[in-house]
Amino acid sequence: MEYTLLGRTGATVSRIGYGGAAAGLKNYLHAFDPQNPDDRRGILESVEAALDEGINYFDTAPGYGSGQSEELLGEALAGVTEAGGHPLFVSTKAGYHSRSELRASVEASLKRLRRKHLDLLQIHGDTIRPEQVDDILREGGMADEMNRLKEEGLVRHIGFTSEDNNEAVYRFIRSGRFDTAQLCYNFIFQHPYEPSRSFGTLLEAERAGLGILTMRTPTSGTFQRWIQMVNPANTFDYTPALIQFVLSNPLVDVALMGMRDAEIVRQNAAICRDAAGRISLDELHRRYV
């Protein structure tokens, strides 16, 4: 397994992370029910395979199936402290909450995950509105409470997630309040990184010293559906290339992937080990010869 430092946190993390959305959301991308015994068994086996492959970064959220993802990961990771010779790094999230609601959310997550502390607590955002940013960053707001939980030792690091590349994301990055940023970045959604003009939230997060996590690594099936639409007879598996595209970006610390099947975990770990499969993004974006 390939490892890197997660920004200024100092934590050593695997470059691919186990994404917990697929472990809790019913019928997300494929037929799946977290309450089905066979499907649950598949998740437990996939987590075991991830640990065997040296994956030490695990991402989840209470919003993934009303806590079911956290419960499954808590069961699978019970008593586990390391993978690949590095400490386990467990990350979860909390929605846009008041101070009291945030503490209750964290305490519930710790109980479901069967852990005494969270390695990373993130604000769970898809689109974060300007007025929400004002409220989160104000004195006594959510960011202050996250730091208070950090001071108490319930949380080691704090961050945020967003599907956007908007001003709210830039404000969070520039606030200096967070340790990590989790952003949507892949071959289809390249908006956080424009190397030819040197702008985007990935570049801004790197300049700020944040650990950078990316979601939807194989495009959540979008690229594959497009290929099926324009070339129905296509039989080529683009998944390794899509994963390598994200891993080729030197700013990406951890590329998250949902992996419900142990064999998929092993395949993705093999892709991560295949450094020869990486590409030059500068060369990819070159327009003139």
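Our subject is the structure that appears above.
Basis of the calculations
Residues numbered from 1 in each chain as written. Predicted model: local features only at pLDDT ≥ 70, side-chain atom pairs only at ≥ 80, totals over all residues. Heavy atoms only, no water. Axes fitted to C-alpha atoms, helices over the stretch in contact; angles between N-to-C directions. Helix = DSSP H or I, 4+ residues; strand = E, 2+ residues; numbered from the N terminus. Parallel < 35°, antiparallel > 145°, perpendicular 65-115°, else oblique. Left-handed = near helix turned anticlockwise from the far one by under 90°. Contact = heavy atoms within 4.5 Å. Nonpolar A, V, L, I, M, F, W, Y, C, P; charged D, E, K, R; others polar. Patch = residues over 30% accessible without salt bridge, like charges linked within 9 Å, V, L, I, M, F, W, Y side chains within 5 Å. Areas by Shrake-Rupley, 256 points an atom, 1.4 Å probe, with all protein chains shown as cover. Salt bridge = Lys/Arg side-chain N within 4 Å of Asp/Glu carboxyl O. Lys, Arg positive; Asp, Glu negative; His and termini not counted. Charge placed at Lys NZ, Arg CZ, Asp CG, Glu CD. Buried < 20%, exposed > 50% of the residue type's maximum accessible area, 1.4 Å probe, protein only. Polar contact = N/O pair within 3.5 Å; in protein donor to acceptor, adjacent residues only side chain to side chain. Phe/Tyr/Trp six-rings, centres within 6.5 Å; stacked < 30°, edge-to-face > 60°.

Asker: Explanation requested: the packing of helix 2 (residues 37-52) against helix 3 (residues 68-76) in the structure shown.
Answerer: Axes are the key here: two packed helices are described by the angle between their axes and the distance separating the axes. Contact pair helix 2 / helix 3: the axes reach a minimum separation of 9 Å and the direction vectors enclose 50°. Comparing the axis directions of helix 2 and helix 3 gives the class oblique. Remark: the crossing between helix 2 and helix 3 carries right-handed chirality. Between helix 2 and helix 3, the contacting residues are Arg 40, Ile 43, Leu 44 and Val 47 on the first element and Leu 72, Leu 73, Glu 75 and Ala 76 on the second. Residue classes in the contact of helix 2 with helix 3 are distributed as six nonpolar, no polar and two charged.

Asker: What should I look at first to understand a negative patch on the surface in this one?
Answerer: Among the surface-exposed residues, Glu 45, Glu 48, Asp 52 and Asp 261 lie close enough to one another that they form a single negatively charged patch. Assignment of secondary structure puts Asp 52 in helix 2. Given a relative accessible area of 63%, Asp 52 falls into the exposed group.

Asker: I tried to follow the side chain of Ser 14 on my own but got confused; where do I start?
Answerer: Mapped onto the elements, Ser 14 comes out in strand 2 (residues 12-14). Taking the relative accessible area as the measure of exposure, Ser 14 reaches 0% and is therefore buried. One polar contact links the side chain of Ser 14 to the main-chain amide nitrogen of Tyr 57, over a distance of 3.5 Å. In this structure Ser 14 touches Met 1, Glu 2, Tyr 3, Gly 54, Ile 55, Asn 56, Tyr 57, Asp 253 and Val 254, once residues within four positions along its chain are discounted.

Asker: Looking at this model, I keep getting lost on the packing of aromatic side chains. Mind explaining?
Answerer: Two descriptors summarise a pair of aromatic rings, namely the distance from one centre to the other and the angle between the planes of the rings. Using the criterion set out here, one finds twelve aromatic pairs in the structure. Where Phe 160 meets Phe 172, the ring centres are 5.1 Å apart and the plane angle is 50°; that geometry is what we call tilted. Placement of Phe 160 in strand 9 (residues 158-162) and of Phe 172 in helix 7 (residues 167-175) is noted, with a sequence separation of twelve residues between them. Assessed through its relative accessible area of 0%, Phe 160 is described here as buried. When its relative accessible area of 1% is taken as the criterion, Phe 172 is described as buried. Ring centres of Phe 223 and Trp 226 lie 5.8 Å apart, and the angle between their planes is 50°; this geometry places the pair in the tilted category.

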